[in-house]
Amino acid sequence: MAVKFKHKETGLFFCKAKGLSTDKSYGEYKSRERFLNRHLSKRGRIYESATEKQKVDWIGKTYADEFEIVEV
């Protein structure tokens, strides 16, 4: 079973941006928009398995509720 994290609003998948600084460095102004632009893609990242707790750890508490776990 392989899974992806799908964003509920846009339908795009979570894909952690590599080599970029964390979203915290931009402050509160437009932080959600920056997060979505940097960490969503059409393909996303595929995981062998994932739980709700792992989703929160990998995506972060702030944005984890916006994603659902989808089997691929």
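Draft legend 1. Layout of the pattern of salt bridges. For the coordinates displayed, the defined rule picks out one salt bridge. Residue lysine 55 is joined to glutamate 52 by a salt bridge in which the shortest nitrogen-to-oxygen separation is 3.1 Å. Linking lysine 55 with glutamate 52, this pair stays in helix 2 (residues 52-59), spanning three residues, or about one helical turn. With a relative accessible area of 5%, lysine 55 lands in the buried category. Given a relative accessible area of 48%, glutamate 52 falls into the partly exposed group.

Here is what the cut-offs are and how they apply
Residues numbered from 1 in each chain as written. Predicted model: local features only at pLDDT ≥ 70, side-chain atom pairs only at ≥ 80, totals over all residues. Heavy atoms only, no water. Salt bridge = Lys/Arg side-chain N within 4 Å of Asp/Glu carboxyl O. Helix = DSSP H or I, 4+ residues; strand = E, 2+ residues; numbered from the N terminus. Buried < 20%, exposed > 50% of the residue type's maximum accessible area, 1.4 Å probe, protein only.

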